[in-house]
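Residue-level structure breakdown
Given next are the chains, with one letter for each unit.
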Amino acid sequence: MAPEPEKEFTMEEVSKHNKTDDCWLVIGNDGTGGPKVYDVTSYLDDHPGGSEVMLDVGGQDADEFFEDIGHSNDARDELQKHLVGVLKMTEEEKEKRKLAAANKSNGAGGGGMGVIAVVVAVVAAGYYYYKNNVEQS
């Protein structure tokens, strides 16, 4: 017997599910098998980070948020229990996703850690200069 085809949802449909009694998320990308739709309503109270973090991205594409947190394999297994379907995308939406992924992998738009590293280096150099030149005077 062949498995049932996965139900498809548009982003417009997903966006309507953004409340405490009805919360869906889109999580997934080309590297993880594509964007999938999850109904996490029953998991909100059990989420270790609290329900608020999931409600903040309810009805939205939460993939970047999910991946940036660095969820464990246990969290990924839990997520699978809430799968309701896949995200149906137009060609335009697919292209937009590919461009966003390419920009992220090329470091476009980011640089937060680079700025921090430069600031730390400047502070360290200033401290070194102060200790070696100003205090010896």
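Here, every reference points to the structure presented above.
Residue numbering note: each chain is counted from 1, following its sequence as written. Where totals are concerned, whole chains, interfaces and linings use all residues; where local detail is concerned, this predicted model gives features only for residues with pLDDT of at least 70, and gives and counts side-chain atom pairs only at 80 or more. Where side-chain values are given, they derive from all heavy atoms of the structure, hydrogens and water being excluded.

Under the scheme used here, helices are H or I runs from DSSP no shorter than 4 residues and strands are E runs no shorter than 2 residues, and both carry numbers assigned from the N terminus. Counting its secondary structure elements, the protein contains 6 helices and 6 strands. Scanning the protein from its N terminus toward the C terminus, one meets helices and strands in the order β-α-β-β-β-α-β-α-α-β-α-α. Burial status follows relative accessibility: with a 1.4 Å probe on protein chains alone, a residue under 20% of its type maximum counts as buried, one over 50% as exposed, and anything between as partly exposed. Going through the 137 residues of the protein one by one, you find that 24% of them count as buried. Intrachain contacts of the protein at a sequence separation of at least 6 include 66% that bridge at least 24 residues. Summing over all exposed atoms, the protein offers an accessible surface of approximately 9800 Å²; the carbon and sulfur share of this is 55%. Only heavy atoms matter for contacts: two residues are in contact if any of them lie within 4.5 Å across the pair. Using a 1.4 Å probe, the Shrake-Rupley method yields the accessible areas, and only the shown protein chains count as cover for residues.

The next thing to look at is the layout of surface pockets. In this analysis, the protein atoms alone were mapped onto a 1 Å grid. Cavities are point sets where a 1.4 Å probe fits without being able to get out; pockets are open sets with protein on both sides within 12 Å along at least five of seven lines; lining residues have an atom within 4 Å of a point. Grid points are joined across faces, edges and corners, and a volume is the space filled by probe spheres set on the points. One number sums up the size of the largest pocket: a volume of about 660 Å³. If you trace the largest pocket, you find 19 residues lining it, with Asp-61, Lys-96, Arg-97, Ala-100 and Ala-101 closest to the centre. The set of elements that each furnish at least two residues to the lining of the largest pocket consists of α3 (63-69) and α5 (91-105). Partitioning the lining of the largest pocket into residue classes produces 6 nonpolar, 2 polar and 11 charged. By volume, the second largest pocket amounts to about 260 Å³. As for the second largest pocket, its lining consists of 18 residues, and the residues nearest its centre are Tyr-43, His-47, Met-54, Phe-66 and His-71. Sorting the residues of the lining of the second largest pocket by element identifies β3 (22-27), α2 (51-55), α3 and α4 (73-80) as the ones contributing at least two each. Amino acid classes used here: Ala, Val, Leu, Ile, Met, Phe, Trp, Tyr, Cys and Pro are nonpolar; Asp, Glu, Lys and Arg are charged; the rest, including Gly, are polar.

Time to look at the packing of aromatic side chains. Between the rings of Phe, Tyr and Trp (Trp by its six-membered ring), a pair exists once the centres lie within 6.5 Å; its type follows the angle of the planes, with under 30 degrees stacked, over 60 edge-to-face, and the other angles tilted. Scanning all chains against the criterion turns up 1 aromatic pair. Each ring, one from Phe-9 and one from Trp-24, has its centre 4.9 Å from the other, and the planes form 75 degrees; the classification is edge-to-face. Highlighted residues: Phe-9 in strand β1 (residues 8-9) and Trp-24 in strand β3, separated in sequence by 15 residues. Judged by relative accessible area, which is 10%, Trp-24 ranks as buried.

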